[in-house]
Amino acid sequence: KSKEIRQQETSMFARLRRPSKVQRSPSDSKLNPNAAPPKQKKNKIQKTSTSKMPSWQNGATPLAQHYMTTTRLNRYYQQFEAAFRTSSQLHNTATSRSDVNRIIGQLASRSNHPEANHVLSRLYDIAQGMRNQKYMGVAYILMLKFETADGIYSIVERSRDRIGRCYSAQKQAYTLTVSQGAHLLQQRGPSQVNTSWDSLLSSSRILESSASSSGFPSDVPAATHITSSEEREALLRLQEIIEDYTETHKENAFMSSLHEPARFYYDMGGNHHHRDHVDVHGLNGWLCLIRGWFGAQIPIIPQADDGDAFKGCSDVWSGMSSEAWDVFKRDENFGKSYKGLRALKSNMVTNKSFASNFNSGRDTGFVGHNASAMEEGAKKKKKKYLKYAEKFAYFFRRDFLVKKLFEVLNSEEKAEHVGFRKCLQALFPVFYKVEVGAGDVPDYLEFFYDDMLMNLDLAAASRFFWWIGVIKVEYAPPLSTHPSQDEAFFGQADSKPPARVKKPQPPPGPRPSNMKPSAMRNLPKPPPAAAAAKKNAPVHEVHGTSYRSFQILRRLWRQPRKATGGGGTREEEACQGDQVGQYQEMLVRMHSISAR
């Protein structure tokens, strides 16, 4: 038979076997209550409904809204305004060109930079054009008082290449300089110089510790439990330290998800013009994208009316393979430049059309007429920005954020993080009594880590960061809802034992020599309590104190029994040194849990 005849016969028999569709009437459901309701056609618009989107697509990241939507520069502005209200003379000095020129002259002489006078004067002119010269004047006074000569030299060196470029680059130089000067309010160097404007700083009370408290949320759960002034100062200092880290974390997430992938794409695509303008114009579009989608702001303030945002901003992730994202999303590559990632290859750029077309960001409608158009589109959760928001939110997973936050701050490797341990020791007893209850307060490291001080308890750390207002409550359930490590190990946390994890079966074929039944019979059998514990313990819950007990138990019962002539038990003979005490302690814990 021909192919057409066979297809006709197949379709004919298929129609005969198909049951006929019965039209349901409204009375069918009354006659037959168990009848299935009629199927309704799904509307195509429902597929893209925001209610079905993951929570992060609506900006629901674990980080609290205050730390996501504000920057340290905005808080510095609030401190400056409070100082201006206290001392009008400080405001007049910061806006007086003659007084500022004297300050600039002293800064230039201390830095020994040949272009310092020109660069600092040009920066003040840029701030005057933005009507923010008062902030730049106060920053200069703080730099003259607390900054070192090398610090002033580095500020001049970083700004001199930007002051002669476009407005976007000039704004970045202004932001860097004001942030550096205002940051000296928290991190004052040991070298303090007596200046002619010290009386203005003292009269404005800008140097007092209470002035830095403005801008932090006061309705955190910890505020209702602390009573002493020492605890209040510890909470304030802890908020300042965490603010410094979150600023860095947001900036690193921006670099690894948007900024550096865009530079890598344009570099491999041969468009070096757009590659060099990613950090000038393109970043305004990328920053407005995450600000519109998440409300996130990083220390770099974008220029929303930048009409050249397409220079370094287009649909670059559509032109790269998934292998490129696998490199950028690695934890060890967090915040690094693409030039230092050796795993990146040129063949990971699969579509170079966005680089070959100079106006691709504008022609494809990805950017729009300026950066603010991207922000408005991101607020509406447009589908073309979905993959970019997803990649930025990837670095705000609870496990990743909490682990980095605790371990980086507890190490105190950065000068701005010094004091985290002292503040934590002051607040931890209050947190323990509120969240855990009565009992002796342990050391905070023993509470947040396992017995080997290697694995961080993410649930406990998340609850503490919620208590001080850093993590949202939906990501930090109460600690009372979590079973203890021993109960989770021995299967007594729930009313019924957890499901047993099946062991992988050996591959088909001849049985190896080390698996003979005779060899298995010669091994000593564990006691009933240990056998039940091992039987009911799922693999993923073997950790912490119970994991150490399990290791001791397994090592004891795998050893051959010694001939003792009737003196002592097998477990006591197998133990050596302090293992006897550990083993007895483990048995007491097992019996207490069984009794409960």
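Predicted model only: the values in this text are computed from it and were never measured. (Residues numbered from 1 in each chain as written. Predicted model: local features only at pLDDT ≥ 70, side-chain atom pairs only at ≥ 80, totals over all residues. Heavy atoms only, no water.)

## Some points on the overall build of the chain
At step 1: In terms of regular secondary structure, the chain is built from 29 helices and zero strands.
At step 2: Counting only residues that meet the buried cut, the chain has 44% of its 596 residues in that class.
At step 3: Taking the intrachain contacts of the chain between residues at least 6 apart in sequence as the baseline, contacts between residues at least 24 apart amount to 76%. (Helix = DSSP H or I, 4+ residues; strand = E, 2+ residues; numbered from the N terminus. Buried < 20%, exposed > 50% of the residue type's maximum accessible area, 1.4 Å probe, protein only. Contact = heavy atoms within 4.5 Å.)

## Quick notes on the confidence of the model for the chain
At step 1: With 68% of its residues at a pLDDT of at least 70, the chain reaches an overall mean of 77.
At step 2: Looking at the elements of the chain, mean pLDDT is at its lowest for helix 24 (residues 485-490), recorded as 38, and at its highest for helix 15 (residues 322-328), recorded as 95.
At step 3: Counting contacts from residues 39-54, a segment whose pLDDT is below 50, to residues more than four positions away or on other chains yields four contacts.
At step 4: Within the model, pLDDT remains below 50 along residues 537-547, and this stretch shows 21 contacts once partners closer than five positions in the same chain are excluded. (pLDDT = per-residue confidence, 0-100.)

## What about the packing of helix 6 (residues 97-111) against helix 7 (residues 116-129)?
In a packed pair of helices, the relevant descriptors are the angle between the two axes and the axis-to-axis distance.
At step 1: With their axes 8 Å apart at the nearest point, helix 6 and helix 7 run at an angle of 145 degrees to one another. Helix-helix and strand crossings are classified by hand; for helix 6 and helix 7 the assignment is right-handed. Where helix 6 approaches helix 7, its residues Arg 97, Val 100, Ile 104, Leu 107, Ala 108 and Ser 111 are matched on the opposing element by Ala 116, Asn 117, Leu 120, Ser 121, Tyr 124, Asp 125 and Gln 128.
At step 2: In terms of residue class, the contact of helix 6 with helix 7 is made up of seven nonpolar, four polar and two charged. (Axes fitted to C-alpha atoms, helices over the stretch in contact; angles between N-to-C directions. Left-handed = near helix turned anticlockwise from the far one by under 90°. Nonpolar A, V, L, I, M, F, W, Y, C, P; charged D, E, K, R; others polar.)

## Notes on the environment of Gly 469
At step 1: Positionally, Gly 469 belongs in the loop between helix 23 (458-467) and helix 24.
At step 2: Classification of Gly 469 as buried rests on a relative accessible area of 13%.
At step 3: Taking the C-alpha atoms as reference, Gly 469 lies 9.7 Å from Phe 216; in sequence the two are 253 residues apart.
At step 4: In contact with Gly 469, not counting residues within four places along its chain, are Ala 64, Tyr 67 and Val 220.

## Some words on unusual backbone geometry
At step 1: We note that Arg 205 has phi near 60 degrees; this positive angle belongs to a residue other than glycine.
At step 2: Structurally, the position occupied by Arg 205 is in the loop between helix 11 (198-204) and helix 12 (229-268).
At step 3: Since its relative accessible area comes to 46%, Arg 205 is described here as partly exposed.
At step 4: For Leu 453, which is not glycine, the phi dihedral falls at a positive 55 degrees.
At step 5: Here Leu 453 shows up in the loop between helix 22 (444-448) and helix 23.

## With respect to the nonpolar core
At step 1: Core analysis: the largest hydrophobic core is formed by 93 residues, its most contacted members being Phe 254, Trp 286, Phe 448, Phe 465 and Ile 468.
At step 2: For this core, the element with the highest residue contribution is helix 12, accounting for 14 residues.
At step 3: Leaving out residues up to four positions away in the same chain, Phe 465 has contacts with Ile 242, Val 402, Leu 405, Phe 406, Val 470 and Ile 471.
At step 4: Counting residues in hydrophobic clusters, the runner-up holds 45 residues, among them Leu 90, Val 100, Ile 152 and Ile 163. (Core = buried A, V, L, I, M, F, W, Y, C linked by side-chain atoms within 4.5 Å.)

## A word on the pattern of salt bridges
At step 1: Under the criterion given, the structure shown has 20 salt bridges.
At step 2: Several salt bridges share partner residues, and in doing so they unite Arg 72, Asp 244 and Lys 414 into one network. (Salt bridge = Lys/Arg side-chain N within 4 Å of Asp/Glu carboxyl O.)

## Description of helix 5 (residues 88-95)
At step 1: Three or more residues of helix 5 are buried, namely Leu 90, Thr 93 and Ala 94. Buried residues of helix 5, seen end-on, are gathered within an arc of 95 degrees and therefore sit on one face of the element. Among the exposed residues of helix 5, those pointing more than 90 degrees away from its buried face are Ser 88 and Gln 89.
At step 2: The secondary structure elements touched by the buried residues of helix 5 are helix 4 (72-86), helix 6, helix 7, helix 8 (133-146) and helix 11. (Arc of directions from axis to C-beta.)

## Structural notes on the packing of aromatic side chains
At step 1: Within this structure, the stated rule accounts for 38 aromatic pairs.
At step 2: An angle of 85 degrees between the planes, with centres 5.2 Å apart, marks the rings of Phe 431 and Phe 464 as edge-to-face. Residue Phe 431 is found in helix 21 (residues 420-435), and its partner Phe 464 is found in helix 23; the two are separated by 33 residues along the sequence. Neither residue differs from the other here; Phe 431 and Phe 464 are each classed as buried.
At step 3: Taking the centre distance of 6.2 Å and the plane angle of 35 degrees together, the rings of Phe 464 and Trp 467 count as tilted. Note that Phe 464 and Trp 467 are positioned in helix 23 at a spacing of three residues, about one turn of the helix. (Phe/Tyr/Trp six-rings, centres within 6.5 Å; stacked < 30°, edge-to-face > 60°.)

## Some remarks on helix 10 (residues 167-183)
At step 1: The end-to-end C-alpha distance of helix 10, which contains 17 residues, comes to 24 Å, matching closely the 24 Å that a straight helix rising 1.5 Å per residue would cover.
At step 2: The buried count for helix 10 comes to 13 of 17 residues, which makes it a mostly enclosed element. (Expected span 1.5 Å × (residues − 1).)

## Quick notes on the side chain of His 417
At step 1: Along the polypeptide, His 417 turns up in the loop between helix 20 (398-411) and helix 21.
At step 2: Not counting chain neighbours up to four residues away, the residues in contact with His 417 comprise Ile 241, Asp 244, Tyr 245, Val 408, Leu 409 and Glu 412.

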